[in-house]
Amino acid sequence: LLSSCDWLDVFVDQQIQVQKGVRKNSYWLLEVAEKGTYEFQLRRWPEEYDIPLNKGGVGEEALDIAAAKIFISGDDADVRKRSAVNEKDKRVVFTANLDCGKIALHTWFEDSNGEAIAGAYYVYVQRK
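Residues numbered from 1 in each chain as written. Predicted model: local features only at pLDDT ≥ 70, side-chain atom pairs only at ≥ 80, totals over all residues. Heavy atoms only, no water.

Peer 1: Give a detailed account of the pattern of salt bridges, specifying residues and quantitative values.
Peer 2: Scanning the model with the defined rule gives 7 salt bridges in all. Glutamate 110 is paired through a salt bridge with arginine 82; the nearest N and O atoms lie 2.9 Å apart. One end of the pair, glutamate 110, is in strand E7 (residues 101-110); the other, arginine 82, is in strand E5 (residues 77-84), with 28 residues separating them in the sequence. Using a relative accessible area of 52% as the deciding quantity, one classes arginine 82 as exposed. Via salt bridges that share partners, Lys69, Arg82 and Glu110 belong to a single interconnected network. (Salt bridge = Lys/Arg side-chain N within 4 Å of Asp/Glu carboxyl O. Helix = DSSP H or I, 4+ residues; strand = E, 2+ residues; numbered from the N terminus. Buried < 20%, exposed > 50% of the residue type's maximum accessible area, 1.4 Å probe, protein only.)

Dropping the structure here:
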């Protein structure tokens, strides 16, 4: 689990910031220990918070999330993907084949005009 608390030089480290839909973004510096296919689940809410990406709960800000993007850069990595989001989506899943080594993982949620809203506050990563 990666969270916005761990972004480089930008912090969204309080749940109230996620609830308000603070419009911030940064990236994670990571090291791929094992070559393989990795699944990245981009989420606004933690997995156990079972509501769609663009919805808010009681007292929480709804966001106009229409698309999600991922960009992975590194010595042997250059992954750029985008996916539309529908109103019932709780996550957006991307897969990438990665070699061992250091990478930077960038994520974005975009509104219906293609404008960046924020990064994915939570990213679940699993080697397949």
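Peer 1: Can you explain the sheet that holds strand E1 (residues 2-3)? Please cite residues and give values.
Peer 2: The sheet built from 4 strands is open, its strands ordered E1-E9-E3-E6 with antiparallel pairing. Edge strands, defined here as strands with exactly one partner in the open sheet, are E1 and strand E6 (92-98). Relative to strand E9 (residues 122-127), strand E3 (residues 36-43) runs antiparallel, the two sharing 6 bridges. When the bridges of E9 are listed, tyrosine 38 appears paired with arginine 127. (Pairing = 2+ DSSP bridges.)

Peer 1: Explain unusual backbone geometry to me, and be specific about the residues and the numbers.
Peer 2: Even without being glycine, aspartate 9 reaches a positive phi, approximately 65 degrees. Within the secondary structure, aspartate 9 sits in the loop between E1 and helix H1 (15-20). The class of aspartate 9 is exposed, set by a relative accessible area of 67%.

Peer 1: Talk me through the nonpolar core; I want residue IDs and the actual numbers.
Peer 2: Residues Phe40, Leu42, Ile72, Leu98, Leu105 and Val123 are the most contacted members of the largest nonpolar core, which totals 33 residues. Here this core takes 4 residues from E6, the largest share from any one element. With residues near it in sequence (within four places) discarded, isoleucine 72 still touches Phe40, Ala77, Asp78, Val79, Ala96, Leu98, Ile103, Ala104 and Leu105. (Core = buried A, V, L, I, M, F, W, Y, C linked by side-chain atoms within 4.5 Å. Contact = heavy atoms within 4.5 Å.)

Peer 1: Can you tell me about the packing of aromatic side chains, naming the residues and giving the values?
Peer 2: A ring pair, where both rings are aromatic, is described by two values, the distance of the centres and the angle of the planes. If you walk through the whole model with that rule in mind, you get 3 aromatic pairs. Plain terms: the ring middles of tryptophan 7 and tyrosine 121 are 6.4 Å apart, the flat faces sit at 40 degrees to each other, and that makes the pair tilted. One end of the pair, tryptophan 7, is in the loop between E1 and H1; the other, tyrosine 121, is in the loop between strand E8 (116-118) and E9, with 114 residues separating them in the sequence. Among the residues examined, tryptophan 7 registers a relative accessible area of 2% and is labelled buried. (Phe/Tyr/Trp six-rings, centres within 6.5 Å; stacked < 30°, edge-to-face > 60°.)

Peer 1: Would you mind going over the side chain of serine 4 in detail, with residue names and values included?
Peer 2: Mapped onto the elements, serine 4 comes out in the loop between E1 and H1. A relative accessible area of 2% means that serine 4 is categorised as buried. Excluding residues within four positions of it along the chain, serine 4 makes contact with Val10, Phe11, Val12, Trp28 and Tyr121.

Peer 1: Report on the environment of glutamate 87, specifying residues and quantitative values.
Peer 2: Among the secondary structure elements, glutamate 87 is positioned in the loop between E5 and E6. Taking relative accessible area as the criterion, glutamate 87 reaches 53% and is therefore assigned exposed. For glutamate 87 and proline 52, which are 35 residues apart along the polypeptide, the C-alpha to C-alpha distance reads 6.8 Å. With near-sequence residues (within four places) excluded, glutamate 87 lies in contact with Pro52, Asn54 and Lys55.

Peer 1: So what about the pairing of E3? Which residues, and what values?
Peer 2: In terms of burial, E3 is largely enclosed, as 7 of its 8 residues are buried. With 7 bridges connecting them, E3 and E6 associate as antiparallel partners. Residue glutamate 39 lies in a different strand from E6, and its bridge partner there is threonine 95.

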